[in-house]
Each structure stands twice: as C-alpha cells, then as structure tokens.
Amino acid sequence: MTETTPAPGSPAPGDVALITGGTGGFGRSLAGLLRERDVTVVLADLDSERARQTASDLGAHFAALDVTDRAANAAVVARVEAEHGRLDAAFLNAGIAGQSRETLDVDEFLRVVDVDLFGVVYGTEAVLPALRRAGGGSIVVTASLAGLSPMATDPGYSVAKGGAVAFVRSMAPRLVDDGITISAICPGFADTAIIDPLREEFEAAGFPVLSAGEVAEAMVAAWAGAEPGGAYVVQPGVGAVPYRFRGVPAAKTASGDTAAVPEALRPPSMR
Ligand SMILES: NC(=O)c1ccc[n+]([C@@H]2O[C@H](COP(=O)([O-])OP(=O)(O)OC[C@H]3O[C@@H](n4cnc5c(N)ncnc54)[C@H](O)[C@@H]3O)[C@@H](O)[C@H]2O)c1
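What you see is a predicted model, and the numbers here were worked out from it, not measured in a lab. (Residues numbered from 1 in each chain as written. Predicted model: local features only at pLDDT ≥ 70, side-chain atom pairs only at ≥ 80, totals over all residues. Heavy atoms only, no water.)

A closer look at the overall build of the protein chain
Defined as follows: Put simply, DSSP H or I for four residues or longer makes a helix, DSSP E for two residues or longer makes a strand, and each gets a number counted from the N terminus. Within these notes, the globule rule equals 2.2 Å times the number of residues to the 0.38 power, and the radius of gyration is based on C-alpha atoms. Each residue is assigned to one of three classes by its accessible area relative to the maximum for its type, calculated with a 1.4 Å probe on protein chains only: buried under 20%, partly exposed between the two thresholds, exposed over 50%. Whether two residues are in contact is decided by their heavy atoms: any pair within 4.5 Å suffices. In this description, accessible areas are obtained by the Shrake-Rupley approach with a 1.4 Å probe, and a residue is regarded as covered only by the protein chains that are shown. The charge count treats Lys and Arg as positive and Asp and Glu as negative. His and the chain ends do not count. By convention, the charge on Lys lies at NZ, on Arg at CZ, on Asp at CG and on Glu at CD.
A tally of regular secondary structure across the protein chain gives seven helices and eight strands. At 19 Å, the protein chain has a C-alpha radius of gyration in line with the 18 Å of a compact globule built from 271 residues. Seen through its principal axes, the protein chain has C-alpha atoms that stretch 65 × 45 × 35 Å. Across the 271 residues in the protein chain, those meeting the buried criterion constitute 46%. Intrachain contacts of the protein chain at a sequence separation of at least 6 include 65% that bridge at least 24 residues. As displayed, the protein chain has an accessible area near 13100 Å², and 54% of this comes from carbon and sulfur atoms. Charge separation in the protein chain, taken as the distance between the mean sites of 21 positive and 33 negative side-chain charges, equals 7 Å.

Right, here's the structure in full:
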C-alpha cells in the first residue's frame, strides 16, 4: 500500500486471521499466503464437506458461518479467541453476485445486500471487541470495483459493495484511537467461481481478468499497511492503487467562508 506506514510486523508468525468466505477463490489464495507467513488462519464459510476439506488442505482451521446470521458471527469470533487466544486480522470477504442481468429482482437484490453488505456490518461488530483485546489490528473488507462505479447488470451487487465502501470510510476514523485499521479492497473481475456465468464472455472478448493471487497480495498488503478507510482498486495490468475520492463541496457561511463541521459530528480523533 502506498502513502502509509506499515503496521509493525503484520502479518507476523503467530498472528491469528479470520477470513469469511474463506474457502472461495480469494479466500484460498489469501490463506495460502498467510500460511506461508506462519499466520494461524481460520476460514469461515457456509458449511460443506468441500469447505472443511479445503481448509484442512491449506493447513487452516474451519468455522461454519453464514455471515447473514448476526449472532453466528459473534459465536465464530468467540471460538477463534477461545481456541487460538487472540484475533489480529479479519478479512470480511464472503460475497455473492446477482444473476438477473436485465430485470430488477428485488428478492435477489435483498439477498445480495444481506450477504455482501450486512455480512460486513455483522462481521465488523463481531470482531471489534476481539481486535481491541489484542491491542489493535486490521479489518480488510472485500468490496469491488462495482462499489466505486455502477454495475448496470447487477445493481444489488453495486449497492452492496458501494455500501461496504461507505461503511469502511465511515467506521475508520472512530477506530483509529484503538489501533484498528479498516480498509476496502476493490478488485475488478477476477478468476474465481463468482465469474463462472460470465467467463466465456470475457474469454470471447479477450478481456483480462485478475488472478486470485493478485487480489490476495493486495489483501495482505492492506493488513500490513492500508490507510484507515482506504479503498484500493485492483485491476489487471495496474496492480493495487488507492482510490482517491473527490469529496463534496463544503458548506459556506453567509460570509462565504467554509463552514466548520460541528465538533459533535466529528470522530474523536478529529476533534
Ligand atoms: N471474483 C471477482 O471477480 C470479484 C471481484 C470483486 C469482488 N469480489 C468479491 O470477492 C469476494 C470473494 O469472492 P470470490 O471471487 O473469491 O468468489 P467465490 O465465489 O469463489 O467465493 C465466495 C465465498 O463466499 C462464500 N459465501 C457466500 N455466501 C456466504 C454466506 N452467506 N456466509 C458465508 N460465506 C458465504 C462462498 O461459499 C464462497 O466460498 C466476494 O465478496 C466477491 O463479491 C469478487
């Protein structure tokens, strides 16, 4: 990550990381990179024999989790602390895409938002106490390029990922004093199961897609040194670059000066 001071020694041997959606494409690549660094990895995912076997093959632990179940998120974190003593990083990465490319299917829209946005909110709520007990740490949210630019074929996905980016940016300032950095990774299309329905179209068009490994590298870098609230675009041929938000026009006073936001509306670190 650029323009940041890397967190000392993170990820380091003995650190404990939780990855939701951890047995999918990005999760597996990320788990592999973290295991190479002797990080203890817990893959949380929908329960299946395949998912359990995947974790075992990677030398990781498995926790059954549906991220839309708020209480289950807290239960998984409690188990991680009980079994491994601490939690240093949480990768809130579970996600699904919609399939209705032309009609607005509101049931599907709500389902995508439930997993991709509320899964992140519940996950954050669950991991914060544990990260505080560890003396600080990182939350890395897998958002998407679709959270920064509209996705005409999947508005629910775009809303969920855009919401995740806004959530990360809004939460970041209030966590700084706890030594907790929350950031978002915003990949373009990448070669995992989620793009199976589109794969032939990418190939036919000669459109480049990321490897899961490229995205996983960006996720590790975000743990080590993301700027709080940062959103990192990952694109083929570009790598991971911080997205620069343009901001909005500030309010002006009657005399034309820029109005200061009332102190009560500023995060503690900015008062
Ligand atoms: N591959 C891409 O093109 C791409 C691009 C940008 C962002 N993303 C995002 O990256 C993340 C990881 O996706 P991936 O590309 O590895 O795809 P993937 O389909 O391989 O992995 C997604 C994982 O999330 C899990 N999951 C789905 N619903 C869940 C739930 N309710 N509770 C717990 N786990 C659940 C799945 O079981 C799966 O293991 C997702 O959030 C996705 O939206 C993917």
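Some remarks on the site of the ligand
Put simply, the rule is: Nearness is judged by heavy atoms alone; a residue qualifies as near a molecule or strand once a single heavy atom is within 4 Å of it. Any pair of nitrogen or oxygen atoms within 3.5 Å is treated as a polar contact; in protein, a donor-acceptor pairing is required on top of that, and neighbouring residues in sequence qualify only through side-chain atoms on both sides.
Not every one of the 28 residues close to the ligand is listed here, only the nearest: Gly25, Asp45, Tyr157, Ala190 and Thr192. Interatomic distance of 3.4 Å between a backbone N/O atom of Leu65 and a nitrogen atom of the ligand. One of the side-chain nitrogen or oxygen atoms of Thr192 is found 2.6 Å away from an oxygen atom of the ligand. In the complex, 92% of the free accessible area of the ligand, which totals 820 Å², lies under the protein chains.

Observations regarding the packing of helix H1 (residues 25–36) against helix H7 (residues 212–225)
For clarity, the cut-off: To define axes, lines are fitted to C-alpha atoms, for helices over the stretch in contact only, and angles between the resulting N-to-C directions are given on a 0 to 180 degree scale. Throughout this description, any angle smaller than 35 degrees is read as roughly parallel, any larger than 145 degrees as roughly antiparallel, any in the 65 to 115 degree range as roughly perpendicular, and the remainder as oblique. By definition, turning the near helix anticlockwise from the far helix through less than a right angle yields a left-handed crossing, and turning it clockwise yields a right-handed one. Ten residues, namely Ala, Val, Leu, Ile, Met, Phe, Trp, Tyr, Cys and Pro, are considered nonpolar, four, namely Asp, Glu, Lys and Arg, are considered charged, and the remaining ones, Gly among them, are considered polar.
Taken N-terminus to C-terminus, the directions of H1 and H7 make an angle of 60°; their axes are 8 Å apart at the nearest point. Considered as vectors, H1 and H7 are oriented oblique to each other. Judged by the twist between their axes, the crossing of H1 over H7 is right-handed. Here H1 contributes Gly25, Phe26, Ser29, Leu30, Leu33 and Leu34 to the contact with H7, which in turn contributes Ala212, Gly213, Val215, Ala216, Glu217, Met219, Val220 and Trp223. In the contact of H1 with H7, the residues fall into 10 nonpolar, three polar and one charged.

Observations regarding a nonpolar patch on the surface
Where we set the bar: Any residue with relative accessible area above 30% and no salt bridge may belong to a patch, with like charges joined within 9 Å and the nonpolar Val, Leu, Ile, Met, Phe, Trp and Tyr side chains within 5 Å. The salt bridge criterion pairs a side-chain nitrogen of Lys or Arg with a carboxyl oxygen of Asp or Glu, the two atoms within 4 Å.
Side chains of Leu104, Val106 and Leu110 sit close together on the surface and give an oily, nonpolar patch of about 310 Å² of accessible area. With respect to the helices and strands, Leu104 occurs in the loop between strand E4 (89–92) and helix H4 (106–133).

Thoughts on H4
To keep things clear, this is the line we draw: Multiplying one less than the number of residues by 1.5 Å gives the expected span of a helix.
The end-to-end C-alpha distance of H4, which contains 28 residues, comes to 40 Å, matching closely the 40 Å that a straight helix rising 1.5 Å per residue would cover. The N-capping residue of H4, defined by a side-chain oxygen 3.1 Å from the backbone nitrogen of Asp107, is Asp105. Remark: Gly135 follows H4 within two positions and exhibits a positive phi of approximately 85°.

A few points about the nonpolar core
Filter applied, for reference: Each nonpolar core is a collection of buried residues, namely Ala, Val, Leu, Ile, Met, Phe, Trp, Tyr and Cys, held together in the definition by side-chain atoms within 4.5 Å.
Of all hydrophobic cores here, the largest spans 44 residues; its most connected members are Leu18, Leu87, Val127, Ile139, Val141 and Ile182. Those elements that provide at least two residues to this core are strand E1 (16–20), strand E2 (40–45), helix H3 (70–84), E4, H4, strand E5 (137–142), helix H5 (155–175) and strand E6 (180–187). Take this core: its biggest share by element is 10 residues, from H4. Residue contacts for Val127: discarding those within four places in its chain leaves Leu18, Val77, Leu87, Ala90 and Ile139.

A few points about the side chain of Glu81
Relative to the helices and strands, Glu81 is located in helix H3. You can call Glu81 buried: its relative accessible area is 19%. The contact partners of Glu81, leaving out residues within four places of it in the chain, are Arg86, Ala130 and Arg133.

Some words on the pairing of strand E8 (residues 239–242)
Worth spelling out the cut-off: A pair of strands counts as paired when DSSP detects no fewer than two bridges linking them.
With four bridges connecting them, strand E7 (residues 231–235) and E8 associate as antiparallel partners. The partner of Tyr232 across the bridge, within E8, is Pro242. Hairpin connection between E7 and E8: a loop of three residues separates the two successive antiparallel strands, and Gly237 in this loop has a positive phi of roughly 75°.

Focus on the sheet that holds E5
Taken together, eight strands build an open sheet; the order of strands is E3-E2-E1-E4-E5-E6-E7-E8 and the sheet is mixed. Among the strands making up the open sheet, the edge pair consists of strand E3 (61–64) and E8. Between one strand axis and the next, the sheet turns by 20° as a mean value, whatever way the strands run. Here E5 pairs with E6 via six bridges, running parallel.

Let's talk about the environment of Thr54
Mapping Thr54 onto the fold places it in helix H2 (residues 49–57). Through-space distance from the C-alpha of Thr54 to that of Arg174 is 36 Å; in sequence the pair is 120 residues apart. With residues up to four places along the chain from it excluded, the contact list for Thr54 reads Thr23 and Arg28. Reaching out from Thr54, the side chain makes a polar contact with the backbone oxygen of Arg50 at a distance of 2.8 Å.

Nothing here speaks to function; it is all geometry.
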